[in-house]
Amino acid sequence: MTEEVRTEFHQLMDEVRADLVQMGGMVAEGISAVSAALLAGDIGGADQIIAADDELDLLSLEAEEKCVQLLALQQPVAVDLRTILTDLRMISEIERSGDLVTNIAKAVARLHGAELEPRVRGLIDRMREQAVKLTARAMDAYAERDAGLASVLNDMDDVLDDLHNEYIVAVFASHELGKISIQHAVQLAVVGRFYERIGDHAVNVAERVEFLVTGELPEHLGANRARARREQDEM
Amino acid sequence: MIAALVAVAAALAVALVAVLLLVRGRSSASERLGRVVHRFAGDPEAPRPGEARLDRNSLDDWITYLESVATTAAMTANLAERDRARWQLAMNELAVGVVLVDEDGTVCASNALADEMMSARDAMALVGAGVTQLLESAREGQARSRTVKLTGPPPRVIEISGHPVAGDSHALGAVAVMADRTEGVRVDEVRRDFVANLSHELRTPVGAIALLSETLAGEDDAAVRTRLVDRIGAEADRVSHIIDDLLELSRVELEGSMRQESVPVVPLLCEVAHQYSEHARKHDVSLVSPDVAEQLVLHADRSQLLRAVGNLVDNAIKYSDPGSEVHLSAAPRALDDRPPSEVPADADEQAWVDVVVADEGIGIPADETERVFERFYRVDKARARATGGTGLGLSIVRHVVMNHGGEVMLQTREGVGTTFTLRLPAEQDRAST
């Protein structure tokens, strides 16, 4: 590569990185906004959030195109190749988180008229807090190429999982007491699942960052075991 | 850039001396050398090629001259460096974020606030992305601005704008400004809501009284009349409560804390607990009285404090579920958060006492915590009126604490409970012993 081509190449890679950070910001804001709409029963606000997902989709397509362009025209190797592959995977992870935000927004209308108990509301707020934190830290890990931060994400996700379990119990306890209908309880349980999944996507992002920095994925351990078993079977 | 200039200057100087040594004795080389040195020094008197106006002919003279040129260059560089540092520090003092890019879009200057906003990876990353876009269109000559609203909590409203930076004939780059408008937007909202809420709070009972008395006039049934009269009485009580609270609030606002006296904490809390014991029993809430071992003494206005702590206890009881507890406590707190044992018994170091009222009630939604201290602001309008509050209790609390130079802190989670902490000044004599 000539010097000029290389600069252009890295400029495009930086652009993808900026796009991804922006997408992460959109998801973080989306989680906050959808939680506010959910707690306020604000269907109009939820509709706006559903509409805003188009922008995230557009941005993710654009970023993907840039990645394809980089792969096709520059044939990068080593760390550059790993970066672009990571970026491609990240785009779909973040885009998926955005879809989950949309799913929560869609549930707002279905939950119309449900009187949420303070305990359930408090748990939604805590899941919101934790999901935003996970998303922001995952993006931090990515933007700073911080594999150490990436490994912290797993522990943070455990907190979200615990909150999710506590929340499910609280939702059905609220139903038992006759505060909410079974339809609303199921809808709320599904919403809790969406928060929990957002956390999982953040952990996936962090694992990709670990791969980017170290070249290792947690799946490699399992894959190595499977490979060893396969070789043994063949012998 | 300045550092590079100095390096070039130094290299040039060394090269000059080398050349000088080589060409020593040859007058034409000496002339050329003289021209170079003059040019290097930015001397307007520098002779142009062919002009043999040279007054320094010996090697020693040239070296001396070169030294002075080098010194001046170093001083200029030093001044420029200080100038740059001064600008940077001044920019860091600005209440807005500023980013300056050159014509290629490379950042050449930014202040601390901008760096903080641009490196965010949470929802604030949207500000960074917006600024990048605005800078791009500004480099193409388009000045634009946009408002970014972040839900939070806490909610933020950031106004961002991009402006082209152009010389007389050509573009030199672009500058972006990020201004936090959150406070302004909030104040507008508070003002708007206050007028609406005040008229609503006063009009509702007055309107009810008018309607009830109209009904009363045409009513013959004695039982119904009694009920209507009771309702009129209740509504009148509500108006009178609101007026009492409004007067109390304006009194607290106007007079500040006039009667500063020694107020022992334990008797104060006990008095509040006693005052509200009946109220607590009615709601089936147990009021856990202070268990403060230390002899804490506040320097404060006792009647104002009674009112403030009382309002908090009243709220805590009202928003608690039957069977739960409300805790009253107090603890010494040093201004800088060090444990009291590590704080030197310095006379002018203000010591503080935290008075804490904690409940296990319904809590306050996270996006409302900043607004509950506003006058007439209610989280849940239906419930709040049913419990008979005036919507002024927390405003009074905040003003009382402000009068004492302290602060109110609020920790809450829906369904878990709420803890209010009043940080109030301790009596100085006692604090240092």
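Residues numbered from 1 in each chain as written. Chains lettered and ligands numbered in written order. Predicted model: local features only at pLDDT ≥ 70, side-chain atom pairs only at ≥ 80, totals over all residues.

### Here's the deal with the overall build of chain A
Within chain A one finds 7 helices and 0 strands. Walking chain A from its N terminus toward its C terminus, one meets helices and strands in the order α-α-α-α-α-α-α. C-alpha extents for chain A along the principal axes are approximately 70 × 50 × 30 Å. Contacts in chain A between residues far apart in sequence, at least 24 positions, make up 82% of those at least 6 positions apart. (Helix = DSSP H or I, 4+ residues; strand = E, 2+ residues; numbered from the N terminus. Contact = placed C-beta atoms within 7 Å.)

### What to know about the confidence of the model for chain B
All names here are of chain B. Confidence in the prediction of chain B, expressed as mean pLDDT, is 80, and 79% of residues score 70 or more. Low pLDDT (under 50) marks residues 49-54, which in the prediction has 6 contacts with non-local residues, meaning those over four places away or in another chain. Two summary scores accompany this predicted model of the complex, namely pTM at 0.73 and ipTM at 0.78. (pLDDT = per-residue confidence, 0-100.)

### Things to note about the domain arrangement of chain B
Domain boundaries in chain B define domain 1 (2-89), domain 2 (94-180), domain 3 (183-255) and domain 4 (257-431). A separation of 49 Å is found between the C-alpha centroids of domain 2 of chain B and domain 3 of chain B. (Domains from an automatic or database assignment.)

### Thoughts on the interface of chain B and chain A
Opposite the 20 residues of chain B that make contact, chain A presents 25 residues. Counting residues per element, the side of chain B that touches chain A draws most heavily on helix α5 (residues 125-139) of chain B, at 4 residues. Here the residues of the side of chain B that touches chain A sort into 10 nonpolar, 5 polar and 5 charged. (Nonpolar A, V, L, I, M, F, W, Y, C, P; charged D, E, K, R; others polar.)

### Re the packing of helix α4 (residues 118-144) of chain A against helix α5 (residues 147-176) of chain A
Residues and elements named next belong to chain A. Packing of α4 against α5 brings their axes to within 9 Å, and their N-to-C directions diverge by 165°. Between α4 and α5, the angle is such that the two are roughly antiparallel. The crossing of α4 and α5 is left-handed. Its residues assigned to classes, the contact of α4 with α5 comprises 17 nonpolar, 3 polar and 7 charged. (Axes fitted to C-alpha atoms, helices over the stretch in contact; angles between N-to-C directions. Parallel < 35°, antiparallel > 145°, perpendicular 65-115°, else oblique. Left-handed = near helix turned anticlockwise from the far one by under 90°.)

### Quick look at the sheet that holds strand β1 (residues 96-102) of chain B
All names here are of chain B. Strand order across the open sheet formed by 5 strands is β2-β1-β5-β4-β3, with antiparallel pairing between neighbours. In this open sheet, the two strands that pair with only one neighbour each are β2 (107-110) and β3 (144-150). Between one strand and the next, the sheet's axes are offset by a mean angle of 20°, whatever the strand orientation. Inspection of the sheet shows β3 paired to strand β4 (residues 156-166) by 7 bridges, in the antiparallel sense. In the sheet register, lysine 149 faces β4, and the bridge partner there is valine 157. Sitting on the sheet, α5 touches β1, β3, β4 and β5 (171-180), and the angle it makes with β4 is about 20°. (Pairing = 2+ DSSP bridges.)

### So, the environment of alanine 308 of chain B
Residue and element names in this part refer to chain B. For alanine 308, the position within the fold is in helix α10 (residues 302-318). Judged by local crowding, alanine 308 falls into the buried class, with 30 C-beta atoms found within 10 Å. Taking C-alpha positions, alanine 308 is 55 Å from glutamate 81, a pair spaced 227 residues apart along the chain. (Buried ≥ 20, exposed ≤ 12 C-beta atoms within 10 Å, placed from the backbone.)

### As for the nonpolar core
A general tendency of soluble globular proteins is for nonpolar side chains to be buried together. In terms of nonpolar packing, the biggest core is built from 85 residues, with Leu20, Val34, Ala37, Ala138 and Ala206 of chain A together with Val127 and Val131 of chain B touching the most fellow members. Ranked by residue count, the leading element in this core is helix α1 (residues 3-40) of chain A, at 14 residues. In this view, valine 131 of chain B contacts Val99, Met118, Ile160, Ala176 and Met178 of chain B; residues no more than four positions away in its chain are not counted. Judged by nonpolar contacts, the second largest core, of 46 residues, contains Val252, Val263, Ala280 and Val353 of chain B. (Core = buried A, V, L, I, M, F, W, Y, C linked by C-beta atoms within 7 Å.)

### Let's talk about the pairing of strand β12 (residues 417-425) of chain B
All names here are of chain B. In terms of strand pairing, strand β10 (residues 351-359) meets β12 through 7 bridges, oriented antiparallel. What sits directly across from valine 356, in β12, is threonine 421. Examined bridge by bridge, strand β11 (residues 407-413) and β12 share 7 bridges and lie antiparallel to one another. Within the sheet, the bridge partner assigned to valine 408 lies in β12 and is leucine 422. In this structure, the hairpin formed by β11 and β12 is closed by a connection of 3 residues, where glycine 415 is found at a positive phi of approximately 80°.

### Quick word on the pairing of strand β8 (residues 297-300) of chain B
Residues and elements named next belong to chain B. In β8, alternate side chains face the same way, and those of Val297 and His299 on one face and Leu298 and Ala300 on the other are all buried. Relative to β8, strand β6 (residues 261-264) runs antiparallel, the two sharing 4 bridges. Considered in β8, the bridge of proline 264 is made with valine 297.

### Points about the packing of helix α7 (residues 222-255) of chain B against helix α12 (residues 393-403) of chain B
Residues and elements named next belong to chain B. Across the interface, α7 lies against α12 with an axial gap of 9 Å and an inter-helix angle of 15°. Taken together, the axis directions place α7 and α12 in an arrangement best described as roughly parallel. Crossing angle aside, the handedness with which α7 passes α12 is left-handed. For the pair α7 and α12, contact is made by Asp245, Glu248, Leu249, Val252 and Glu253 and by Ser395, Ile396, His399, Val400 and Asn403, respectively.

### Notes on the environment of glutamate 370 of chain B
Position of glutamate 370 of chain B among the secondary structure elements: in the loop between β10 and α11 (381-386). Along the backbone, glutamate 370 of chain B and glutamine 260 of chain B are 110 residues apart, and their C-alpha atoms lie at a distance of 29 Å.

### Some words on α5 of chain A
All names here are of chain A. End to end, α5 covers 45 Å across 30 residues, agreeing with the expected 44 Å (1.5 Å per residue, within 8%). Where α5 is concerned, the buried positions are Ala150, Leu153, Asp157, Leu160, Leu163, His164, Tyr167, Ala170, Val171 and Ser174. Those residues of α5 that are buried are in contact with α4 and α6 (182-214). (Expected span 1.5 Å × (residues − 1).)

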